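Single-letter residue listing:
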Amino acid sequence: MFYLTTILPSLMLQRLFVVLLFFYATNIFAQQPQTKDRDSIEQARDSIKKAEFLKNIGNGFFPFNYFNADLRYLVKFNQYEGFRTGLGGVTNDRFSEKYRLNSYVVYGFKDDRIKYRIGGGFRVSRSTNTWVNLSYTDDLQETGSSKFLTDKRFFTFFEPRLLNIDLFHRHITKAIAVEHKITNHLVSETELSLSKINPTYNYNFLVDDRAYNSFDLSMAKLSLQWSPFSTFELLEGDKVKTLIDGYPKFTLQVTKGFKSVFGSDFDFSKIDFRTIQQFNYDNNAQTNITLVAGIAGGKTPLTHLYHAYPNNITKETILQRFSVAGLNSFETMYFNEFFSDKFSTLQIKHAFSPFKVSEWFKPQLVLISRYAIGNMKSIDRHEGIEFNTLEKLYSESGLEINRLLFGFGLSFAYRYGGYHLPNFEDNIAFKFTFNISL
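Keep in mind it's a predicted model, so treat the numbers as computed, not measured. (Residues numbered from 1 in each chain as written. Predicted model: local features only at pLDDT ≥ 70, side-chain atom pairs only at ≥ 80, totals over all residues. Heavy atoms only, no water.)

Helix and strand content of the protein: two helices and 25 strands. Nonlocal contacts in the protein, meaning residues at least 24 apart in sequence, comprise 62% of its contacts between residues at least 6 apart. Total accessible area on the protein stands at roughly 22,800 Å², and carbon and sulfur atoms take up 60% of it. (Helix = DSSP H or I, 4+ residues; strand = E, 2+ residues; numbered from the N terminus. Contact = heavy atoms within 4.5 Å. Areas by Shrake-Rupley, 256 points an atom, 1.4 Å probe, with all protein chains shown as cover.)

Our focus in this paragraph is the nonpolar core. Phe266, Leu302 and Tyr394 are the most contacted members of the largest nonpolar core, which has 30 residues in total. Breaking this core down by element, the ones donating at least two residues are β10 (204-207), β12 (215-226), β17 (286-298) and β19 (330-334). With three residues, the top contributor of residues to this core is β12. Leaving out residues up to four positions away in the same chain, Leu302 has contacts with Thr143, Gly144, Tyr201, Tyr203, Phe339, His382, Ile385 and Phe387. Phe322, Phe408, Phe432 and Phe434 belong to the second largest nonpolar core, which has seven residues in total. (Core = buried A, V, L, I, M, F, W, Y, C linked by side-chain atoms within 4.5 Å. Buried < 20%, exposed > 50% of the residue type's maximum accessible area, 1.4 Å probe, protein only.)

Now for the sheet that holds strand β11 (residues 210-212). Pairing is antiparallel across the open sheet formed by three strands, whose spatial order is β11-β10-β22. Of all strands in the sheet, those with a lone pairing partner are β11 and β22 (382-383), marking the two edges. Note: β10 against β22, two bridges, orientation antiparallel. If you follow Asn204 over to β22, its bridge partner there is Glu383. (Pairing = 2+ DSSP bridges.)

Attention now moves to the pattern of salt bridges. Within this structure, the stated rule accounts for 22 salt bridges. Of the charged contacts in the structure, one is a salt bridge between Arg100 and Glu179, with a shortest N-O distance of 2.8 Å. Highlighted residues: Arg100 in strand β5 (residues 99-108) and Glu179 in strand β8 (residues 168-181), separated in sequence by 79 residues. Connected via shared salt-bridge partners are Glu81, Arg84, Asp111, Lys115 and Asp139. (Salt bridge = Lys/Arg side-chain N within 4 Å of Asp/Glu carboxyl O.)

With respect to the helices and strands, the residue Leu149 is situated in the loop between β7 (130-142) and β8. Judged by relative accessible area, Leu149 falls into the buried class, the value being 12%. For Leu149 and Leu222, which are 73 residues apart along the polypeptide, the C-alpha to C-alpha distance reads 8.0 Å. Other than its neighbours up to four places away in sequence, Leu149 contacts Glu189, Glu191, Lys221, Ser223 and Gln253.

Before going further, it helps to spend a moment on the side chain of Glu142. Structurally, Glu142 is set in strand β7. For Glu142, a relative accessible area of 10% gives the class buried. Of note is the side chain of Glu142, whose polar atom sits 2.6 Å from the side chain of Arg161. There is a polar contact of 3.1 Å between the side chain of Glu142 and the side chain of His307. Glu142 has contacts with Arg161, Ile165, Leu167, Phe168, His169, His307 and Phe335, leaving out every residue within four places of it along the chain. (Polar contact = N/O pair within 3.5 Å; in protein donor to acceptor, adjacent residues only side chain to side chain.)

This brings us to unusual backbone geometry. Cis geometry marks the peptide bond from Tyr247 to Pro248, where omega comes out at 5 degrees. If you trace the backbone, Pro248 turns up in the loop between β14 (240-244) and β15 (249-257). One non-glycine residue, Tyr309, adopts positive backbone phi at about 60 degrees. Relative to the assigned elements, Tyr309 resides in the loop between β17 and β18 (310-312). A positive phi is found at Arg403, a non-glycine position, where the angle reads about 60 degrees. With respect to the secondary-structure elements, Arg403 resides in strand β23 (residues 394-405).

Attention shifts here to the packing of aromatic side chains. Summed over the entire model, instances satisfying the criterion amount to 24 aromatic pairs. Geometrically, the ring pair formed by Phe77 and Phe83 is edge-to-face, given 5.1 Å between the ring centres and 70 degrees between the ring planes. Accessibility expressed as a relative area gives 7% for Phe77, which makes it buried. Of note, Arg100 hangs over the ring of Trp131, and the distance from its end group to the ring centre comes to 3.9 Å. The ring of Tyr419 has Lys392 sitting right over it, with the charged end atom 5.9 Å from the ring centre. (Phe/Tyr/Trp six-rings, centres within 6.5 Å; stacked < 30°, edge-to-face > 60°. Lys NZ or Arg CZ within 6 Å of the ring centre and 35° of its normal.)

Residue Glu179 is classed as buried on the basis of its relative accessible area, which comes to 7%. At a separation of 2.8 Å, a polar atom in the side chain of Glu179 contacts the side chain of Arg100. At a separation of 2.9 Å, a polar atom in the side chain of Glu179 contacts the side chain of Asn133.

Note that Phe232 resides in strand β13 (residues 231-234). Residue classification places Phe232 among the partly exposed positions, given a relative accessible area of 23%. Between the alpha carbons of Phe232 and Leu243 there is a distance of 5.2 Å; along the sequence they are 11 residues apart. Not counting residues within four places of it along the chain, the set of residues in contact with Phe232 comprises Asn184, His185, Val240, Lys241, Thr242 and Leu243.

Time to look at the pairing of β17. Where strand β16 (residues 268-280) meets β17, 13 bridges bridge the pair, whose relative direction is antiparallel. Bridge assignment links Gln278 to a residue of β17, and that residue is Asn288.

A few words now on the pairing of strand β25 (residues 428-434). Remember that side chains alternate between the two faces of the sheet whenever the strand is regular. Of all seven residues in β25, six are buried; the element is thus mostly enclosed. Of the pairings in the sheet, the one linking strand β24 (residues 408-417) to β25 comprises seven bridges and is antiparallel in character. Across the sheet, the residue bridging to Ala413 is Ala429, located in β25.

Next up, the structure:
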């Protein structure tokens with residue numbers, strides 16, 4: 001119960017903030033005083049402003065005159081920082097259509113540290129939306145996480161899995177990146193970075209008879225996002241609008257670490273891949289299939305390997321583990337239980353048509369099955385932290401009942417197969433869900 005009293009304020013604050021945003025959008029724009037001499041042009045102008053405001057909110061920004069505040073930095077919670085709060089954002093077209101500033105500053109109450117990012121960019125080509133971006137970041141990153149560069153284009157109001165993470169490494173990163181739209185269906189981002197990595201936990205990486213508890217990395221990344229079945233419309237001023245978000249979608253990212261380049265300690269390479277297929281039915285039911293795979297070769301530290309998206313905290317009873325279910329995570333897999341240098345996961349979700357109990361109460365049943373498999377070649381290189389590998393097939397299945405009350409629902413998952421645990425209760429994850437949609 002102590003755990004719930006800790007994370008619930010974060011959920012409630014985010015829920016309250018979303019309500020206030022909608023209130024602002026529907027009242028400030030739509031509820032202006034009406035007079036007889038107000039013509040249709042002014043009404044159309046107000047409608048455009050409201051639509052643009054909601055579009056910005058859906059993309060994760062609260063618009064001001066020359067600056068759009070980034071909603072991701074307002075309030076978060078994790079096991080290492082406790083509450084994390086701050087401000088951040090990016091300049092908009094009113095500031096400049098050729099230049100932009102993109103920065104944030106946050107503070108973690110538990111670790112008592114300020115983290116920040118200072119960044120900016122300039123546009124090289126309008127027709128291909130090509131930007132060159134520069135940044136300096138001093139922040140934390142979850143060990144074993146692998147993010148696609150192109151994913152920063154997508155936003156969710158609330159990322160439930162962040163609440164449970166406790167294994168972070170600090171990184172100070174200088175980066176230069178190039179965003180480029182090859183076609184409307186294919187976008188890319190290339191990044192060159194120099195990072196100083198310092199794990200916040202006890203860890204040594206053994207390479208060539210030397211133990212590294214901190215290290216420098218020089219890396220190059222290329223990320224491609226391909227949406228071959230989406231449909232687009234060309235608007236005025238070379239802007240493009242997505243008419244149909246088609247599936248499947250494919251994302252590929254290649255990473256290369258260079259030894260002895262600007263003092264880098266290791267030489268390694270990584271390839272990450274993801275494909276998403278979604279079937280939408282006439283009765284508002286939906287089936288989603290997500291396949292993710294990754295492989296790392298060379299001398300890759302644990303910080304840059306794979307953890308297979310766990311979301312279960314290490315507590316003795318089911319109720320003590322009661323927390324928030326993630327969107328694409330393994331609910332019965334314990335944090336820091338598995339790490340791999342090559343892995344693959346498959347997730348299948350089928351959401352039935354919502355049950356229309358009343359106009360305001362429409363719960364939805366979702367059936368879920370998840371599978372993971374992986375391996376690690378040189379497990380003895382990693383000292384100070386104990387973990388298993390995924391040579392056997394990891395399996396879990398469960399269900400969610402979403403939108404029971406104010407966006408909250410319930411989730412149940414069961415772990416079976418090759419990694420079924422001897423104690424029956426340890427294979428069960430019972431949590432609540434939290435969904436917000438615009």
